Amino acid sequence: FSFSETMASASASATGAVPVPSEAEPKPSKSEVVSESVKKQEVSSAASSSGSGDVEEYDLGYLMAPLSRQRLEMVLAKIICNYPDEVEKLVFESRKAVDFVAIKNEITELFLDQGLAVNEAIPHLEHHIKLAKNYCLAKDAKNAITIMGVVTKPFVDAVTKKSFIPDQGTDERYEIDEFVVLLETTWQQAIDASDEKTTSEQLTKWFAELSRYRIALSQFLGPIFSDALRMLKKRIRKTMDTNTDTSANPAPSAKKSKSS
């Protein structure tokens, strides 16, 4: 059956009507008749519980469960193509402030384990950094940097308090070095995702935060966050220069001069 025929059949089943097969259609087998009867009972039950015999209810959880993320994205894209105005709802949801308190509490609880080695915590931290990367792709620097701050600080505290870093060449040290690279590149992506409206005060705040992390980690892991700090320094200088130019050359007044 085509999609329209399937929908028509489902509609007829919901109302209790039995579709009349055309002459070209083969006579259904006994098993098909039984199966169709069960379907009608399920639809009828759903319609009764909803208080209407014309509306068929669907459980979105069951409908989406067998779909992969890629297929769900395709379905969402098709819906937005058909209803372009709905994209605003998607934008709104993607711009909601991240629940950084929940992430912070989870990581704090993780590091309460005194016997936990730094590299053993890395998989848990990477999970949140991947979320920050997704926000970077969405050009949402605010949420991305919020997550990075929540993740980076406990890592820095763990390294400095435990004061134990595995020797170079060991698997444990390789894991930590790889994680540090991930930290650095994600911070860079988050800074790059910030738009031109980001104020020099906000950029300076990020610069100070990363500088503290760099100072704390340098004696254990060597120089870190160099590229991210250079990016911030360049952005701060550019923003301040733009503000200076604006102050020195204010926009002309929009008031009309009175005619004499």
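Scroll up for the structure.
Conventions we followed
- Position numbers for residues start from 1 in each chain and track the written sequence from start to end.
- For this predicted model, a pLDDT threshold of at least 70 governs which residues receive local features, and a threshold of 80 or more governs which side-chain atom pairs are given and counted, while totals over whole chains, interfaces and linings are taken from all residues.
- To get the side-chain values, all heavy atoms of the structure are used, and hydrogens and water are removed first.
- Helix and strand assignments come from DSSP, with helices taken as H or I runs of at least 4 residues and strands as E runs of at least 2, each series counted from the N terminus.
- Relative accessible area decides the class of each residue, using a 1.4 Å probe on protein chains only: under 20% of the type maximum gives buried, over 50% gives exposed, and in between gives partly exposed.
- Pairs of N or O atoms are called polar contacts if they sit within 3.5 Å, as long as, within protein, a hydrogen donor faces a hydrogen acceptor (for residues adjacent in sequence, only side-chain-to-side-chain pairs).
- Note on geometry: axes are C-alpha line fits, over the in-contact stretch for helices, and angles between N-to-C directions span 0 to 180 degrees.
- Geometric relationships in this document are graded by angle, where less than 35 degrees denotes roughly parallel, more than 145 denotes roughly antiparallel, 65 to 115 denotes roughly perpendicular, and other angles denote oblique.
- In what follows, a contact means two residues having at least one pair of non-hydrogen atoms within 4.5 Å.
- When residues are grouped by polarity, Ala, Val, Leu, Ile, Met, Phe, Trp, Tyr, Cys and Pro land in nonpolar, Asp, Glu, Lys and Arg in charged, and all others, Gly among them, in polar.
- Counted as salt bridges are all cases of a side-chain nitrogen of Lys or Arg within 4 Å of a carboxyl oxygen of Asp or Glu.
- Two helices crossing with the near one rotated counterclockwise from the far one by less than a right angle form a left-handed crossing, whereas a clockwise rotation gives a right-handed crossing.
- Buried Ala, Val, Leu, Ile, Met, Phe, Trp, Tyr and Cys residues form a nonpolar core when they are joined through side-chain atoms within 4.5 Å.
- For a helix, the expected span equals 1.5 Å multiplied by the number of residues minus one.
- Two distance rules govern patches: like charges are joined within 9 Å, and nonpolar side chains (Val, Leu, Ile, Met, Phe, Trp, Tyr) within 5 Å, applied only to residues with over 30% relative accessible area and no salt bridge.
- Each accessible area is a Shrake-Rupley result for a 1.4 Å probe, and residues are judged covered by the shown protein chains and nothing else.

## Some details on the side chain of Asn143
Turning to step 1, where the next piece is worked out: Note that Asn143 resides in helix α8 (residues 141-162).
Turning to step 2, where the next piece is worked out: Residue Asn143 is classed as buried on the basis of its relative accessible area of 5%.
Turning to step 3, where the next piece is worked out: There is a polar contact of 2.8 Å between the side chain of Asn143 and the side chain of Asp140.

## Focus on the packing of helix α6 (residues 100-111) against helix α7 (residues 118-137)
Turning to step 1, where the next piece is worked out: At a minimum axis distance of 11 Å, the contact between α6 and α7 shows a crossing angle of 175°. Relative to α7, the element α6 is oriented roughly antiparallel. Across the interface between the two elements, Ile103, Glu106, Ile107, Leu110 and Phe111 from α6 touch Ala121, His124, Leu125 and His128 from α7.
Turning to step 2, where the next piece is worked out: Residue composition of the contact of α6 with α7, by class: six nonpolar, two polar and one charged.

## A look at the pattern of salt bridges
Turning to step 1, where the next piece is worked out: Counted according to the given criterion, the structure contains three salt bridges.
Turning to step 2, where the next piece is worked out: A salt bridge links Asp177 to Arg173; its shortest N-O distance comes to 2.9 Å. In this pair, Asp177 and Arg173 both sit in helix α9 (residues 171-193), four residues apart, roughly one turn of the helix.
Turning to step 3, where the next piece is worked out: By relative accessible area, which is 27% here, Asp177 ends up partly exposed.
Turning to step 4, where the next piece is worked out: Judged by its relative accessible area of 9%, Arg173 falls in the buried class.

## Focus: the packing of α9 against helix α10 (residues 200-221)
Turning to step 1, where the next piece is worked out: Relative orientation of the contacting elements α9 and α10 amounts to 160°, with a least axis distance of 14 Å. Classified by the angle their axes make, α9 and α10 are roughly antiparallel. The two elements α9 and α10 meet at a crossing, and its hand is left-handed. Taken together, the residues of α10 that come into contact with α9 (itself represented by Arg173, Ile176, Val180, Trp187 and Ile191) are Glu209, Leu210, Tyr213, Phe220 and Leu221.

## Some remarks on the nonpolar core
Turning to step 1, where the next piece is worked out: Judged by nonpolar contacts, the single largest core of 46 residues is most densely connected at Phe155 and Leu210.
Turning to step 2, where the next piece is worked out: Secondary structure elements with two or more residues in this core: α6, α7, α8, α9, α10 and α11 (226-248).
Turning to step 3, where the next piece is worked out: The element best represented in this core is α8, accounting for ten residues.
Turning to step 4, where the next piece is worked out: Aside from chain neighbours lying at most four places away, what touches Leu210 is Trp187, Ile191, Phe225, Ala228, Leu229 and Leu232.

## Overview of α9
Turning to step 1, where the next piece is worked out: In this model, α9 (23 residues) spans 33 Å end to end at C-alpha, consistent with the 33 Å of a helix rising 1.5 Å per residue.
Turning to step 2, where the next piece is worked out: Within α9 the residues assigned to the buried category are Arg173, Ile176, Phe179, Val180, Leu182, Leu183, Thr186, Trp187, Ala190, Ile191 and Ala193.

## Looking at a nonpolar patch on the surface
Turning to step 1, where the next piece is worked out: Together, Tyr58, Leu60, Leu63, Met64 and Leu72 give the surface a local cluster of nonpolar side chains, amounting to about 490 Å² of exposed area.
Turning to step 2, where the next piece is worked out: Here the nonpolar patch gets three residues from one element, more than from any other, and that element is helix α3 (residues 60-64).
Turning to step 3, where the next piece is worked out: The topology assignment puts Leu72 in helix α4 (residues 69-82).

## Overview of unusual backbone geometry
What is expected of a backbone is that most residues other than glycine have negative phi and most peptide bonds are trans.
Turning to step 1, where the next piece is worked out: A positive phi angle is found at Lys139, which is not glycine, with a value near 60°.
Turning to step 2, where the next piece is worked out: Topologically, Lys139 is positioned in the loop between α7 and α8.
Turning to step 3, where the next piece is worked out: A relative accessible area of 55% places Lys139 in the exposed class.
Turning to step 4, where the next piece is worked out: Positive phi values are uncommon outside glycine, yet Phe225 reaches one of about 65°.
Turning to step 5, where the next piece is worked out: Of note, Phe225 is situated in the loop between α10 and α11.

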